[in-house]
Number of protein chains: 2
Amino acid sequence: MTTLIAIGGAASFEEPIIFEEFIKRAGGAKARIVILPQASGQKGTGAKYVRDFQKLGVKQKPISLEFRERPKADDSRHIKAIREATGIFIAGGTQMRLAFIIGGTKLEDELHNAYKRGSVISGTSAGAAILSKVMLSYGSGGATPRERIAQFSQGFGFTDKIVFDQHFRQRDRIGRLAYAATAHPGLLGVGVDENTAAIVEDDLRISVLGKSAVTIVDGKNAIASNIAEVTNFRPIAVSGLTIHVLTPGCTYDMIKRKAHIPPLKLE
Amino acid sequence: MTTLIAIGGAASFEEPIIFEEFIKRAGGAKARIVILPQASGQKGTGAKYVRDFQKLGVKQKPISLEFRERPKADDSRHIKAIREATGIFIAGGTQMRLAFIIGGTKLEDELHNAYKRGSVISGTSAGAAILSKVMLSYGSGGATPRERIAQFSQGFGFTDKIVFDQHFRQRDRIGRLAYAATAHPGLLGVGVDENTAAIVEDDLRISVLGKSAVTIVDGKNAIASNIAEVTNFRPIAVSGLTIHVLTPGCTYDMIKRKAHIPPLKLE
C-alpha cells in the first residue's frame, strides 16, 4: 500500500496522535525514519525531529539529511538512507527550497521508489505542499477566489490527483483552494487545517486524523467560470464546485468522489 | 510514435511549412483533423482553420469542436471526433480557457488516448502552452528572471518533461523561462519563437522547423539559487543553467540532454 500523510502544520508533540500514526505505519519501534529538513531555514530543525521521534519510541536513530545545496542531493549516503527508509518525514518552511534543491535529482527518483515500495511519506506545512504534483507555491488568504490569488509550481508529485493546501482554516485559504480547483478542475483541492492530517492510501482514499478538519474542493463538475477573463486580482466567478468538510473519522473515496461521514449512533 | 508540434504563435499560411508538416504527419490528404478553438475569444477561429487546412489539400473536411462550455466537453460527437482524428490542432488565445473548459473531462482523457495511439497533436501560442503538464499560465517579459515573473498551472500534459513557452523572442521571455527552469530544475524549458515549431517525438527528441529558433533552458545541473528567498518581484540569482539555441535543422536529445547542430559542410 502507498501512504501519504499530509499535515497542515503545527502538529503537536504534546498530544502526538499524528506522529504516532506516522510511526505506527512506518513499522513502530522498528521504523527507519529519514527526515528532509530542506524547507526549513533553521539549522536545528532536523535534529529536533530526530529527538522527538526517538522520544516517541523509535529505536533506530532517525537520519536527517542535513544538506541545503542542490549538488549534494545525490550523495550516496542520502540515496542509501532513502533506500532503507520505512518512513520519510518532510519538515516545514518554504516549499520552493525543496523544489529547487531536490526537484529533478536522483534523490527525488529514490523518494518515488520508496513511496512505491510502501514507505510512508509524511510532510507538514511546506512538506505537505510538496507532496502533490501541482504544488501551491505562493498565495494570499481570503475567502473569495481572485485572479492569481495562488501560484503553482511542481512538487515531488507522489499524487497527481490532488493539490494540497495547509494552515487551511487558520490562514483563511478557502479562496485560494477554490481558485486552485477552478484552474485545475480535474484535481481535488485538499486543504488541511493545523495539527490535522489528511491520510491518502493508494491514491484512492483519504481519511482524517487530528484536531480539526480537512476541506476538499472538487472542480470536476464545475459548470462555468470566468477564470480566464478576470484580471488584476479581481474576484472570479465559478459555479458547480463541490465542497466537503471532513472531521476525524470521516473518509473520502477519490474514485467515486464521495465522502463518508459516520452516522449518528443512537444510544 | 507520439508527436507534439508546439508552435510559438503567428504561424504563416502564406509560407505554410509548419502546417504542411503537421498535415503530412497526420496522413497527408487523408488526414482527419480536429480543431480545438476553446482558447480563442473569437467566433470564427475554428472555421478559419477548417478552410485553411482544406486549402492545403486535406480532403476530409476538418471538424472544429465548437463549444465554450465545460458541461458540453463530453458530448458524444466530440468524443467520436477525437477517436477518429489523426491530427488535433489547438488554436491560440488564453490557455486558462482550455484548462477550465476541458481539463479533467472525458474529452481530455480521449485526447490522451489519441496522442498515445499516434495522432499528431499540435498547438499554437496558448495551444502550445497547454501541451505540457506544467503550463506557463501567466507571466511578464524581460531578460532577468524575477520572483514570480511567471505563474504555472496544469496543462493537458502530453509531456511531463517539458514546460513550453511561446512568442519567445518576440516577447523577450528568456527571464521567465529561466525562472521556470529554476522552479522546476527537473524539466526542460522550451521557448518557441513565432512562426517556428518544436517537434517532440516519443518524448525523447526535439527538432526545429520554421522561421526562427527554439531556446532550451535546462536546470538539471543547476548548482545554486536564491529562488525561495527573494520577494517582491526582485531578480533571482541562479547558477548552472544550461542553454541551447536551436535553429531549423538542429535536434535535441532529451535523454542525453544534448543538442545536435549540423556541422558546416565545406564546399
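Residues numbered from 1 in each chain as written. Chains lettered and ligands numbered in written order. Predicted model: local features only at pLDDT ≥ 70, side-chain atom pairs only at ≥ 80, totals over all residues.

Colleague: Could you clarify how one ought to interpret the confidence of the model for chain A in this entry?
Modeller: Low-confidence regions, as indicated by low pLDDT, have predicted coordinates that should not be scrutinised in detail. Taken over all residues, the pLDDT of chain A has a mean of 95, while the share at 70 or more is 100%. In the predicted assembly, ipTM is 0.82 and pTM is 0.90. (pLDDT = per-residue confidence, 0-100.)

Colleague: Looking at this model, I keep getting lost on the sheet that holds strand β15 (residues 242-246) of chain B. Mind explaining?
Modeller: Adjacent strands of a sheet form backbone hydrogen bonds with each other and so pair up, either parallel or antiparallel. Residues and elements named next belong to chain B. Strand order in the open sheet formed by four strands is β8-β9-β12-β15, and the pairing between neighbours is mixed. The strands lining the two open edges of the sheet, one partner per strand, are β8 (162-165) and β15. Averaged over all pairs of adjacent strands, the angle between strand axes in this sheet comes to 20°, irrespective of strand direction. As paired elements, strand β9 (residues 188-192) and strand β12 (residues 214-218) share five bridges and run antiparallel to each other. Following the sheet pairing, V192 is matched in β12 by V214. Of the strands in this sheet, β8, β9 and β12 are in contact with helix α7 (residues 174-183), which crosses β12 at around 35°. (Pairing = 2+ DSSP bridges. Helix = DSSP H or I, 4+ residues; strand = E, 2+ residues; numbered from the N terminus. Axes fitted to C-alpha atoms, helices over the stretch in contact; angles between N-to-C directions. Contact = placed C-beta atoms within 7 Å.)

Colleague: Hey, could you run me through the relation of the copies chain A and chain B in this one?
Modeller: Two chain copies here: they are related by a rotation about an axis and a translation along the same axis. The operation relating chain A to chain B is a screw motion whose rotation component is 180°, with 0.0 Å of axial translation and a residual RMSD of 0.0 Å. The symmetry that links the two subunits is that of a two-fold axis. With an isologous cut-off of 70% or more, the 100% of interface residues of chain A that recur at the interface of chain B puts this contact in the isologous class. (Least-squares fit on C-alpha atoms with pLDDT ≥ 70 in both.)

Colleague: Sorry if this is basic, but what is going on with the sheet that holds strand β11 (residues 205-210) of chain B here?
Modeller: Residues and elements named next belong to chain B. In space, the nine strands of this open sheet follow the order β3-β2-β4-β5-β1-β10-β11-β16-β17, with mixed pairing throughout. Each edge of the sheet is formed by a strand with only one pairing partner; in this case those strands are β3 (63-64) and β17 (258-260). Note that strand β4 (residues 87-90) and strand β5 (residues 120-124) share four bridges and pair parallel. Within β5, the residue paired with I88 across the bridge is I121.

Colleague: What's the story with helix α4 (residues 95-102) of chain B in this structure? I'm lost.
Modeller: An α-helical segment advances 3.6 residues per turn. Residues three or four places apart therefore align on the same side. All names here are of chain B. Across the eight residues that make up α4, a large majority, eight, are buried. What α4 keeps buried is the set Q95, M96, R97, L98, A99, F100, I101 and I102. Looking one or two residues beyond α4, the residue adopting positive phi is G104, at roughly 80°. (Buried ≥ 20, exposed ≤ 12 C-beta atoms within 10 Å, placed from the backbone.)

Colleague: Whenever I open this one, the environment of B:G127 confuses me. Can you help?
Modeller: Residue and element names in this part refer to chain B. Counting through the fold element by element, G127 comes out in helix α6 (residues 126-129). For the pair formed by G127 and Q95, sequence separation is 32 residues and the distance between their alpha carbons is 6.7 Å. Leaving out residues up to four positions away in the same chain, G127 has contacts with A39, I90, A91 and G92.

Colleague: What should I look at first to understand the interface of chain A and chain B in this one?
Modeller: Size of an interface, as often reported, equals the accessible area lost when the parts are brought together. In this assembly, 31 residues from chain A lie in contact with 31 residues from chain B. Those elements giving two or more residues to the side of chain A that touches chain B turn out to be α4 (95-102), β6 (134-139), β7 (150-154), α7 (174-183) and β13 (224-225) of chain A.

Colleague: Help me understand unusual backbone geometry in this model?
Modeller: Peptide bonds are trans in most cases, and residues, glycine excluded, mostly fall at negative phi. Residues other than glycine seldom take positive phi values, yet A:F233 does so here, at roughly 60°. On the secondary structure map, A:F233 appears in the loop between β13 and β14 (238-239). The phi dihedral of B:R257 is positive, around 55°, even though this residue is not glycine. With respect to the helices and strands, B:R257 occurs in the loop between β16 (251-253) and β17.

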